[in-house]
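Observations on the model geometry
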Amino acid sequence: MEIIIESTITCLHCGHQKTEQMPKDACQYFYKCEQCQKILKPKASDCCVFCSYGNVPCPSVQEKKNCCEK
């Protein structure tokens, strides 16, 4: 299975979208929108901002591992 390492994050505050590279070995808990400067945090049920606001979940979820398990 090929792991996708890019995800387009959509800011819940202003709707700005940007494609970012996801870390392969860690969860990203915070993301600062370059347009409105608001800080995004994961939803309670998600491990990272990519799982909450990205169009592709993080590599750990894609590999069906527990949250950011190595």
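It should be noted that the structure appears before, not after, this text.
Reference entry: report on the structure contained in this document.

Cut-off values and rules
Residues numbered from 1 in each chain as written. Predicted model: local features only at pLDDT ≥ 70, side-chain atom pairs only at ≥ 80, totals over all residues. Heavy atoms only, no water. Pairing = 2+ DSSP bridges. Helix = DSSP H or I, 4+ residues; strand = E, 2+ residues; numbered from the N terminus. Buried < 20%, exposed > 50% of the residue type's maximum accessible area, 1.4 Å probe, protein only. Contact = heavy atoms within 4.5 Å.

Moving on to the pairing of strand β2 (residues 17-21). With five bridges connecting them, strand β1 (residues 6-10) and β2 associate as antiparallel partners. When the bridges of β2 are listed, S7 appears paired with E20. Here β1 folds back onto β2 in antiparallel fashion, the turn holding six residues, of which G15 has a positive phi close to 85°.

Before going further, it helps to spend a moment on the environment of C33. Secondary-structure assignment places C33 in the loop between β3 (31-32) and β4 (39-40). Its relative accessible area of 1% is what places C33 among the buried residues. Note: C-alpha distance between C33 and S52 (19 residues apart in sequence) is 14 Å. Excluding residues that lie within four positions of it along the chain, C33 makes contacts with C11, C14, H16 and K38.

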